[in-house]
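Architecture and fold: a report
Listed below, chain by chain, are the residues.
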Amino acid sequence: ALLHYVNEEIPEPESAAISLFSANMALYFFSGMLVAVLFFLRWREVKIFVGRLPAQRMNILVGVGLAFAIRVGHAIFESLLRQLGLGAEKELLTINDNILSINQFYHPLLGFLFVVVLVPIYEEIYFRGIMLSATARHMRFWLANLFQAFAFALVHDSPRNIPFYIVFALVAGYARTRTHSIAQGISMHITNNLIAFLFIVFKDSSLG
């Protein structure tokens, strides 16, 4: 769910947004969302959403490929925006700042655990698992998929990147119903976040 990071300006380490407060707020938010999702999740649903892991190897590989394909599409989109003179505006506080804050005031492994492992898993469980399944019982699948995709995009609070969050969520939602599992979506999400996380970490190192 970090589709826009590699194309945005990475803030300097001494930025006022890089702070212990930012790190704590990010960790509180990530932890709170994780607890909330686990609270509403039942073991029967976990088995339905994930399926039998040994049989998910191909889905996992496809998810990795989809992540790279979406990132290429996003890079093209960013290039077009720059050619049109629609460069990104600097936000007061971005998720980049939160990641850098966690890495600086705690440890990069903690940032990795949340951003690359836990966040993709609980977001896929919630949006492509719980939300998509619940809404699909009351409307056509394409409407339910569109609903969860818009919800996913709005939660990430980045108006400029809403189209790509929607595309990401639509692809993950389609994979969910085609494979009867969220394993493909999880692998796509983890791969995407891993690419973004590594870029942020190495970019920050080069600035230092």
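As enumerated under the stated definition, the model contains eight aromatic pairs in all. Ring geometry for F30 and F114: centres 5.9 Å apart, planes at 25°, overall stacked. On the criterion of sequence distance, the pair formed by F30 in helix α1 (residues 20–40) and F114 in helix α5 (residues 108–136) is long-range, its members being 84 residues apart. When sorted by exposure, F30 lands in the same class as F114, which is buried. One aromatic cluster in this structure is built from Y126, F127, F152, Y165 and F168. Across the ring face of F152, the terminal group of R128 is positioned such that the distance to the ring centre comes to 4.4 Å.

So, about unusual backbone geometry. A positive phi angle is found at H180, which is not glycine, with a value near 60°. Inspection of the secondary structure puts H180 in the loop between α7 (162–179) and α8 (183–207). Take H180: its relative accessible area is 58%, and that puts it in the exposed class.

Its 15 residues give helix α6 (residues 141–155) an end-to-end C-alpha distance of 21 Å, which sits within 8% of 21 Å, the value for a rise of 1.5 Å per residue. Among the residues of α6, A144, N145, Q148, A149, A151, F152 and A153 are the ones counted as buried.

The next thing to look at is the packing of α1 against α5. With their axes 10 Å apart at the nearest point, α1 and α5 run at an angle of 35° to one another. Crossing of α1 over α5 shows left-handed handedness. Contacts from L27, F30, S31, M33, L34 and V37 of α1 reach α5 at L110, F114, V115, L118, V119, Y122, I125 and Y126. Its residues placed into classes, the contact of α1 with α5 shows 13 nonpolar, one polar and no charged.

Here we take up the packing of α6 against α7. Their axes nearest at 8 Å, the elements α6 and α7 cross at an angle of 135°. Judged by the inter-axis angle, α6 sits oblique to α7. Pair α6 / α7 crosses with right-handed handedness. Contact residues: α6 offers F141, N145, L146, Q148, A149, F150, F152, A153 and L154, while α7 offers I162, Y165, I166, F168, A169, L170, G173, Y174 and T177. For the contact of α6 with α7, the class distribution of residues is 14 nonpolar, four polar and no charged.

Before going further, it helps to spend a moment on the environment of M188. As for its placement among the helices and strands, M188 is situated in helix α8. Look at M188 and you get buried, because its relative accessible area is 1%. Setting aside anything within four residues of it in sequence, one finds M188 in contact with G63, L66, A67, I70, F168, V171 and A172.

Basis of the calculations
- Residues numbered from 1 in each chain as written.
- Predicted model: local features only at pLDDT ≥ 70, side-chain atom pairs only at ≥ 80, totals over all residues.
- Heavy atoms only, no water.
- Phe/Tyr/Trp six-rings, centres within 6.5 Å; stacked < 30°, edge-to-face > 60°.
- Helix = DSSP H or I, 4+ residues; strand = E, 2+ residues; numbered from the N terminus.
- Buried < 20%, exposed > 50% of the residue type's maximum accessible area, 1.4 Å probe, protein only.
- Lys NZ or Arg CZ within 6 Å of the ring centre and 35° of its normal.
- Expected span 1.5 Å × (residues − 1).
- Axes fitted to C-alpha atoms, helices over the stretch in contact; angles between N-to-C directions.
- Left-handed = near helix turned anticlockwise from the far one by under 90°.
- Contact = heavy atoms within 4.5 Å.
- Nonpolar A, V, L, I, M, F, W, Y, C, P; charged D, E, K, R; others polar.
- Parallel < 35°, antiparallel > 145°, perpendicular 65-115°, else oblique.

Purely geometric stuff here, so don't read any function into it on its own.
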